[in-house]
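Each chain, letter by letter, is given below.
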Number of protein chains: 4
Amino acid sequence: MESVSQPLRMGMVGGGSGAFIGPVHRMAAALEGIRLAAGCLSSTPDKAAASGRELGLPDDRNYPNWKAMVERERLRPRYERIDFVTIVTPNDTHYQIARAFVDAGIHVVVDKPMCRTGVEAAELAGAVKKAGVACAVTYNYGGYPMVKQARHMVRQGLLGAVRKAVVRYHQGWLASAVEKQGQKQAAWRTEPGRAGAGAIGDIGTHAENLLAAITGLRIASVCADLATFVPGRRVDDDASILLRLADPAAKAAAPVQPRGVISACQVAAGLENDLSIEVFGEKGSLAWRQEEPETLIHRPDGQPVQVLRRGQPCLCDAARAASRLPPGHPEGFIEALANVYRAAARAIVAGADGPLEHDYPGVEDGQRGVRFVEAVLRSAADQSRWTAVG
Amino acid sequence: MESVSQPLRMGMVGGGSGAFIGPVHRMAAALEGIRLAAGCLSSTPDKAAASGRELGLPDDRNYPNWKAMVERERLRPRYERIDFVTIVTPNDTHYQIARAFVDAGIHVVVDKPMCRTGVEAAELAGAVKKAGVACAVTYNYGGYPMVKQARHMVRQGLLGAVRKAVVRYHQGWLASAVEKQGQKQAAWRTEPGRAGAGAIGDIGTHAENLLAAITGLRIASVCADLATFVPGRRVDDDASILLRLADPAAKAAAPVQPRGVISACQVAAGLENDLSIEVFGEKGSLAWRQEEPETLIHRPDGQPVQVLRRGQPCLCDAARAASRLPPGHPEGFIEALANVYRAAARAIVAGADGPLEHDYPGVEDGQRGVRFVEAVLRSAADQSRWTAVG
Amino acid sequence: MESVSQPLRMGMVGGGSGAFIGPVHRMAAALEGIRLAAGCLSSTPDKAAASGRELGLPDDRNYPNWKAMVERERLRPRYERIDFVTIVTPNDTHYQIARAFVDAGIHVVVDKPMCRTGVEAAELAGAVKKAGVACAVTYNYGGYPMVKQARHMVRQGLLGAVRKAVVRYHQGWLASAVEKQGQKQAAWRTEPGRAGAGAIGDIGTHAENLLAAITGLRIASVCADLATFVPGRRVDDDASILLRLADPAAKAAAPVQPRGVISACQVAAGLENDLSIEVFGEKGSLAWRQEEPETLIHRPDGQPVQVLRRGQPCLCDAARAASRLPPGHPEGFIEALANVYRAAARAIVAGADGPLEHDYPGVEDGQRGVRFVEAVLRSAADQSRWTAVG
Amino acid sequence: MESVSQPLRMGMVGGGSGAFIGPVHRMAAALEGIRLAAGCLSSTPDKAAASGRELGLPDDRNYPNWKAMVERERLRPRYERIDFVTIVTPNDTHYQIARAFVDAGIHVVVDKPMCRTGVEAAELAGAVKKAGVACAVTYNYGGYPMVKQARHMVRQGLLGAVRKAVVRYHQGWLASAVEKQGQKQAAWRTEPGRAGAGAIGDIGTHAENLLAAITGLRIASVCADLATFVPGRRVDDDASILLRLADPAAKAAAPVQPRGVISACQVAAGLENDLSIEVFGEKGSLAWRQEEPETLIHRPDGQPVQVLRRGQPCLCDAARAASRLPPGHPEGFIEALANVYRAAARAIVAGADGPLEHDYPGVEDGQRGVRFVEAVLRSAADQSRWTAVG
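Keep in mind the model is a prediction, meaning the values are calculated, not measured.

1. What to know about the relation of the copies chain D and chain A
Link 1 in the chain: Once chain D is rotated about the relating axis by 180° and shifted along it by 0.0 Å, it coincides with chain A to within an RMSD of 0.0 Å. On this basis, the relationship between the two copies can be described by a two-fold rotation axis.
Link 2 in the chain: Most of the interface of chain D is mirrored in chain A: 100% of its interface residues are interface residues there too.

Set out below in structure tokens:
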């Protein structure tokens with residue numbers, strides 16, 4: 001299904017030439033018919049200017065710094081002002097930039113992790129609520145239709161009570177010290193001051209979000225072990241975490257607390273972007289893997305395995321609404337991110353007022369993600385002691 | 001890699017509301033930063049108007065019929081005129097529409113099959129040559145990076161001489177008489193006057209193109225059996241074809257003529273879009289499957305199987321240039337089609353003069369495809385006699 | 001389930017040192033508790049003697065030639081005489097050896113192809129009927145539990161009427177001229193006088209049997225193309241065949257004759273033993289692949305794909321009876337062959353009198369297989385003309 | 001490769017009618033040409049007698065209790081005495097039975113876990129050494145050829161130093177309280193007095209052994225969380241464990257201690273026997289999965305993935321020696337267990353004297369497995385505190 005609304009105008013902070021995720025956001029937005037209208041694409045003014053020109057931004061909206069962008073965009077008339085801003089800068093700047101746009105009444109799409117600390121996250125959440133804007137955090141893996149289908153099936157009770165969830169997120173691109181070889185992505189991601197944390201902050205937080213999105217459970221406490229394998233690296237590049245889970249919607253605690261395991265590793269040499277989840281419930285289990293995103297495996301206890309596929313008519317409404325092509329015509333990463341934009345765009349068009357039911361990861365997800373990382377860091381620093389997620 | 005050129009202006013004929021492939025073309029074009037500037041989106045004027053409005057076309061470029069579109073667009077100044085037109089109408093109209101735009105000096109992207117007959121195809125090829133325009137035929141599966149990699153490996157001689165190629169293209173969406181239940185796609189595809197042929201024209205032609213793209217060989221003759229399984233259907237819905245192949249670049253015939261098999265079936269109940277190819281050569285074999293397009297299996301004789309993946313640095317230039325995301329971040333159907341647009345756009349920007357080396361399926365592919373279908377129909381009508389591809 | 005009957009006594013002709021399939025038969029028999037009691041393991045007396053000694057045969061039952069074996073075994077008292085003989089010699093000798101044992105009233109397990117010609121096959125079939133013995137032809141792939149399950153599902157009508165079956169049997173071991181490098185298996189298989197035919201006789205006949213076993217249909221006529229790719233080879237090493245199928249149980253012909261395709265290739269460099277079948281019916285389809293034999297894919301039209309697995313309680317009786325281990329504890333090739341022995345052993349113990357319902361491939365399968373090969377050879381020699389299977 | 005030695009004579013304790021693993025051991029032994037010569041197949045004399053008769057044991061070697069079996073077998077002349085005994089009784093009896101046979105100078109094959117406690121394990125190890133007999137513990141998964149190949153590749157340094165290993169062992173058969181429904185296997189496995197522990201003892205110990213077999217590393221300490229999900233169950237049915245690993249052969253500790261994760265779950269509803277391992281090293285990674293045992297995935301950093309397959313000529317000696325069939329002819333669970341028997345048989349035939357290099361899991365593996373389980377139980381009882389493996 002194509003978007004039929006008038007094209008939204010997007011601003012972008014970060015994502016200039018050499019960036020990885022910025023162009024992906026622009027492609028995802030383009031799929032939804034969203035138009036890049038303004039930007040400050042680099043923290044280096046010259047580079048920002050060049051990048052903006054390359055993307056066809058008019059000079060007066062190709063800003064040298066994000067503060068100028070906030071100031072001038074807020075003053076533009078509604079019909080030409082950016083409808084929202086996408087923030088794809090290094091982690092340490094997310095808070096202040098997002099905060100400024102939110103305070104200016106401009107909707108925000110911000111990359112994960114939303115902030116560096118729980119304190120920042122809480123303040124941003126408060127500001128978002130006060131401003132009445134939409135704030136989407138691009139935990140993009142939840143945008144895959146089959147993840148929505150998995151969430152639906154758990155909610156419908158097809159698994160019964162969830163007992164255990166196992167999430168693996170294994171990448172190999174940091175298996176050697178690429179941050180010392182001019183790899184820009186690796187450079188800031190392994191700099192403690194910019195990234196905040198290593199593998200746990202970069203990909204562990206995706207694992208947390210995926211688990212929460214599908215199971216509806218929250219991580220109550222963690223028992224975590226972090227390691228840094230590459231000599232000279234200054235952040236963790238591997239995380240192994242035991243989890244105890246809780247149901248935020250339950251009136252009473254489960255008789256046995258659900259368990260979980262996360263393995264997040266960026267030195268898994270030879271692996272690409274191997275995020276997978278298995279959820280075991282009383283009546284069956286589900287399995288999904290990001291590298292084969294069109295397929296969801298459902299194993300009902302005592303019956304044949306079912307392979308659900310994107311695009312099938314039997315899927316839930318949310319999965320069908322997030323699908324563009326017939327089954328067998330593969331969709332992928334860009335479409336999943338575009339689904340976050342689609343859902344955010346709906347909220348933005350609707351004004352984002354009131355208690356909207358929205359299908360994108362919001363500030364509450366952003367906040368939970370930051371607290372999870374904090375709890376993991378505390379546990380790891382304290383001999384893997386069980387530590388509550390604040 | 002994002003497109004950095006000035007956005008091209010696309011026109012579109014066909015592809016209005018209810019269409020399948022039209023919106024996919026628009027999404028693919030959007031990924032490349034191409035803008036829809038004019039259109040005649042339906043053969044029914046009211047529907048055309050409504051569809052164009054929905055997509056934000058200005059009234060004066062939202063044409064009621066394609067002839068008006070050709071006339072007026074050709075007269076617009078170069079800086080606002082459409083750079084090319086995409087034709088996504090039913091098969092029987094491809095020729096006349098494409099011909100008109102070509103004669104007007106406007107570049108063309110036309111869906112397959114390019115025409116209904118070899119005669120039409122030859123005439124269009126002549127017109128394209130004379131006008132000096134680009135004409136891309138959207139055999140989109142060749143746009144997948146791993147198909148380009150497969151082609152490269154065959155060309156490099158990694159398989160030695162090709163001995164046999166087996167192509168399966170199995171879909172299930174026509175397993176019952178959906179054309180009688182208001183399924184618009186099924187309706188025109190099963191109407192002899194519009195479609196020209198059934199499964200052989202709709203998907204068999206993709207099989208032919210994929211085989212030729214990867215192996216570099218041409219189908220010299222066919223031995224074909226067609227069937228129509230669904231009661232009341234007026235075109236074939238299944239094709240089984242033996243092939244004899246020839247190398248157009250070889251100075252002498254191979255000592256043993258390479259063989260091939262195509263099974264193209266649209267009543268393969270339960271299957272989605274299961275196009276796959278296996279190529280067996282003297283020194284090894286290749287396998288690729290459209291539903292898992294990121295993976296190419298290479299089996300060198302006597303050595304471990306190799307799994308090549310989109311995005312890996314070891315791939316050939318064409319495969320790398322056709323990739324947008326790092327490995328493990330799935331790309332799919334839209335990106336493959338966008339790669340046809342990317343290559344066509346390069347030719348268009350370059351003026352499409354002279355004997356450009358281009359990486360998109362051109363009129364020669366379109367012509368060959370039409371002749372293949374004709375040969376299959378003749379063979380099937382003559383007790384599967386071996387029939388030369390004209 | 002283990003066999004609980006008294007161990008049967010097996011004789012073996014062929015299968016001495018250096019043989020491939022002989023030892024596999026002995027392992028399969030051993031799984032069923034069947035004991036090797038006599039043998040003539042090679043046509044070379046010295047080699048026969050040495051092989052028999054190695055396997056622990058007593059000298060007086062370690063025969064120098066198979067004629068002596070028939071003569072002496074038939075005269076032994078029932079309690080020590082071999083219960084049956086397994087014949088695993090090159091193809092050209094199957095008929096005379098099998099005939100001699102059958103005429104002596106000794107049950108027979110004979111490797112495929114059962115004979116070289118339809119005439120031989122008919123004579124053997126007559127002799128078997130007259131002698132009232134069991135004659136199992138080791139089309140072993142039908143012994144896999146999931147093949148039995150597939151057959152059951154077709155019989156139950158879960159697919160509706162079968163429309164098309166596609167069988168691929170691709171191996172790579174003959175991709176180069178290994179028969180000239182001392183590979184014993186390759187040597188006799190590529191000698192026309194011994195093998196009778198090449199790929200079509202060696203593996204094409206398995207494809208035919210698998211198709212018949214699962215669909216219940218028979219191949220009515222073939223349109224075949226054979227090729228010999230390896231220079232100097234004297235038999236075909238590749239076969240591509242179009243099929244028209246018929247239902248032997250139907251009272252009237254189907255409105256549209258079911259179709260089929262077989263690709264059997266022994267020069268598929270890099271492939272192992274890649275036998276697979278897809279069956280498309282009105283209501284759904286089935287897929288099975290020998291290299292992953294524990295899994296059967298069922299795709300009901302319009303519903304999620306189902307993955308049936310060996311050992312699941314939901315399988316049919318025959319599939320469950322052919323299973324030894326719980327699901328997830330892989331069984332394989334030897335177990336499948338052992339299932340042929342298990343079924344044959346039951347018939348043997350039961351005396352093989354009367355019209356026993358048996359679950360092993362019998363003389364009728366052997367006969368059909370030979371006729372299929374003959375029809376293919378005739379069609380290929382006559383420009384792939386449609387040729388009836390006699 | 002078939003065994004060519006004189007058939008060994010096997011005794012068996014446990015494994016009578018209704019047992020799961022006993023018959024599997026007999027099938028595995030039969031594949032190796034090993035003959036069941038004596039047994040005490042149940043702790044209930046009547047059942048023992050009936051089971052032995054069913055298997056064709058002579059009355060005087062169909063013992064009513066295992067003590068009688070030890071006494072009488074030790075007195076038989078060497079040429080008829082059992083060569084070894086297989087012990088497949090519930091866990092709590094392994095020690096005393098194995099000890100008695102060992103003390104009688106009879107070689108032993110004992111199911112895992114070898115004993116209940118580290119003290120028992122140490123005593124048995126001492127007795128084995130003193131008696132100079134072979135003692136194989138059936139950690140059968142190490143018998144798969146591709147596990148041997150993985151071990152070889154790690155030893156050869158193809159991965160560089162190992163950084164992390166992740167083992168999942170997920171089964172679903174205990175997802176509900178089957179132990180209360182007459183499932184004999186479930187009954188004793190969930191009885192604390194008989195099993196010793198639940199999932200951790202039954203399958204977690206396999207995970208430990210597989211990790212050690214492939215990586216050559218030892219688990220130095222564990223941080224474990226156990227859970228019992230099924231109401232009324234008296235042992236754990238889920239285990240989640242963080243690991244710190246050490247190299248027993250290294251002269252100095254690694255700069256960063258290798259990490260590991262084990263998830264062992266018997267309530268993974270819908271799963272079969274899903275044991276898998278991933279090993280990440282400096283230069284690449286390996287992945288193997290028991291349900292597809294013929295395949296080993298090797299991912300060298302920065303190069304295409306390699307798929308190694310059982311039977312390929314490029315494999316290491318141990319993998320080739322453990323293979324019976326050509327590639328593509330699936331082998332499975334029984335063959336893997338038969339490989340343990342094959343290796344043990346070689347040691348037995350060789351007299352098991354001296355420091356034989358053997359390729360089966362021995363007392364040292366058994367001992368390590370028991371200590372691992374003990375450490376896990378201690379850690380879990382102490383709030384998942386890091387606990388050294390004794």
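2. Focus: the interface of chain A and chain C
Link 1 in the chain: Residue-level contacts link 8 residues of chain A with 8 residues of chain C.
Link 2 in the chain: Taken over both partners, the interface formed by chain A and chain C buries close to 730 Å², and the fraction arising from carbon and sulfur atoms is 63%.
Link 3 in the chain: The largest share of the area that chain A buries against chain C comes from Pro304, Val305 and Val307 of chain A, three residues that together contribute 54% of it.
Link 4 in the chain: Along the contact surface separating chain A from chain C lie 0 salt bridges.
Link 5 in the chain: Where chain A meets chain C, there are 2 residue pairs in polar contact (both at pLDDT 80 or more).
Link 6 in the chain: Here strand 13 (residues 305–309) of chain A runs beside strand 13 (residues 305–309) of chain C; their pairing, made up of 3 bridges, is antiparallel. Bridge pairing in strand 13 of chain C links Gln306 of chain A to Gln306 of chain C.

3. What about the domain arrangement of chain A?
All names here are of chain A.
Link 1 in the chain: Parsing chain A into structural domains produces domain 1 (9–140) and domain 2 (142–325 + 362–388).
Link 2 in the chain: Placing a centre on the C-alpha atoms of domain 1 and another on those of domain 2 gives a separation of 26 Å.
Link 3 in the chain: At the interface, 27 residues of domain 1 touch 24 residues of domain 2.
Link 4 in the chain: Taken over both partners, the interface formed by domain 1 and domain 2 buries close to 2,100 Å², and the fraction arising from carbon and sulfur atoms is 54%.
Link 5 in the chain: When residues of domain 1 are sorted by the area they lose upon contact with domain 2, Lys112, Tyr139 and Asn140 head the list and together hold 28% of the total.
Link 6 in the chain: Where domain 1 meets domain 2, there are 3 salt bridges.
Link 7 in the chain: The shortest N-O distance in the salt bridge between Arg324 and Glu32 comes to 2.6 Å.
Link 8 in the chain: Our count for the domain 1 to domain 2 interface comes out at 8 residue pairs in polar contact (both at pLDDT 80 or more).
Link 9 in the chain: Broken down by secondary-structure element, the contributors of at least two residues to the side of domain 1 that touches domain 2 are helix 5 (118–131) and strand 5 (135–137).
Link 10 in the chain: Among the elements that line the side of domain 1 that touches domain 2, the one with the most residues is helix 5, at 5 residues.

How each quantity is defined
- Per chain, residue numbering runs from 1 following the sequence as it is written.
- Whichever chain is written first is A, and whichever ligand is written first is 1; the rest continue in order.
- Local features in a predicted model are, by the rule used here, given only for residues with pLDDT of at least 70; side-chain atom pairs are given and counted only at 80 or more, and totals for whole chains, interfaces and linings are based on all residues.
- Computation of side-chain values covers all heavy atoms of the structure but excludes hydrogens and water.
- Superposition of the copies was done by least squares, using only C-alpha atoms of residues whose pLDDT is at least 70 in both.
- Contacts are residue-level and defined by heavy atoms, with any inter-residue pair within 4.5 Å sufficient.
- Throughout, buried area stands for the accessible area (probe radius 1.4 Å) lost by two parts on being put together, summed over both.
- Note on definitions: salt bridges are taken to be side-chain nitrogens of Lys or Arg within 4 Å of carboxyl oxygens of Asp or Glu.
- Residues adjacent in sequence count toward polar contacts only when both atoms are side-chain atoms; beyond that, a polar contact is any pair of N or O atoms within 3.5 Å, and within protein one must be able to donate a hydrogen and the other to accept it.
- Two strands pair if DSSP finds at least two bridges between them.
- Helix and strand assignments follow DSSP, with helices taken as H or I runs no shorter than four residues and strands as E runs no shorter than two, numbered in order from the N terminus.
- Domain delimitation follows an automatic or database domain assignment.

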